[in-house]
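Secondary and tertiary structure notes
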Amino acid sequence: MQGLRKHMHNVAVLSRELGKMYGLNNKDLKLLEVAAEYHDVGKKVIKNKFLFEKKSLNKNEFEVIKKHAYLGAVLLKNYGFEQKITDAVLYHHEWWNGKGYPEGLKGMEIPLLARIISIADAYDAMTSRRSYRKAVSPIKAINEILKCSGTQFDPELASLFIRIRREDDTLCLKQG
């Protein structure tokens, strides 16, 4: 699980930076950071074998992994986390165009904190080595976020994130 902890840390760092640049107040920045730190906690409930596959997941395995957002939100809700945090965890895989999961929310229906985490999550996932693929360079990840702006990602947030990454490569991300 060391890789998952590192990923959740990196997503929290990136999310906080994007939220700060977007202009979130201190309370919402703290909620965002907590939600980002726990965005994948539901994966700890899922069988580990799926998380460390050496190949891409098949359709059935992916359907199991997709449940992590719901499981994480329920877990955090049961521990008394605020609604904004549980919503961010639940909806961080929704797409701007409505083709994400778990509910197919679209555009501004997706909570802001989830839209921020979505970008940070994708960036860190792309730039980190996985058991089934090599990491891509930061510039390739930025280009992919640009390409997916308006379909997968909120275009305003994607543009802001790209600007941040181009200006500041000193964020305290854990390498892997």
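Structure's up top.
All figures in this text were calculated on a predicted structure; none of them were measured in a lab. (Residues numbered from 1 in each chain as written. Predicted model: local features only at pLDDT ≥ 70, side-chain atom pairs only at ≥ 80, totals over all residues. Heavy atoms only, no water.)

Quick word on the side chain of Glu94
What counts here: Counting from the N terminus, the helices are the DSSP runs of H or I reaching at least four residues and the strands are the DSSP runs of E reaching at least two. The cut-offs for exposure are 20% and 50% of the maximum accessible area for each residue type, with area from a 1.4 Å probe on protein chains only; residues under the lower value are buried, those over the upper are exposed, and the others partly exposed. For this count, His and the chain ends are skipped, Lys and Arg are scored as positive, and Asp and Glu as negative. Should a side-chain nitrogen of Lys or Arg be within 4 Å of a carboxyl oxygen of Asp or Glu, the pair is scored as a salt bridge. Any pair of N or O atoms that falls within 3.5 Å is considered a polar contact. Within protein, one atom must be able to donate a hydrogen and the other to accept it, and sequence-neighbouring residues count only if both atoms are side-chain atoms.
Relative to the helices and strands, Glu94 resides in the loop between helix H6 (83-91) and helix H7 (112-127). The buried charged residue Glu94 lacks any salt bridge partner; its closest oppositely charged side chain belongs to Lys66, at an N-O distance of 9.6 Å. From its side chain, Glu94 meets the backbone nitrogen of Glu103 in a polar contact 2.8 Å long.

Description of the packing of helix H5 (residues 68-78) against H6
Put simply, the test is: All axes here are fitted lines through C-alpha atoms, helices being fitted over the stretch that makes contact, and every angle between N-to-C directions spans 0 to 180 degrees. Reported orientations rely on four angle classes, namely roughly parallel under 35 degrees, roughly antiparallel over 145, roughly perpendicular from 65 to 115, and oblique for the rest. Left-handed describes a crossing in which the near helix is turned anticlockwise from the far one by less than a right angle; the clockwise case is right-handed. Two residues qualify as a contact provided that any one of their heavy atoms is within 4.5 Å of a heavy atom in the partner residue. Polar here means any residue other than Ala, Val, Leu, Ile, Met, Phe, Trp, Tyr, Cys and Pro, which are nonpolar, and Asp, Glu, Lys and Arg, which are charged; Gly is therefore polar.
At a minimum axis separation of 7 Å, H5 and H6 run at an interaxial angle of 165°. Considered as vectors, H5 and H6 are oriented roughly antiparallel to each other. Considering how the two elements wind past one another, H5 and H6 form a crossing that is right-handed. On H6, the residues that touch Ala69, Tyr70, Gly72, Ala73, Leu76 and Lys77 of H5 are Ile85, Thr86, Val89 and Leu90. Its residues placed into classes, the contact of H5 with H6 shows seven nonpolar, two polar and one charged.

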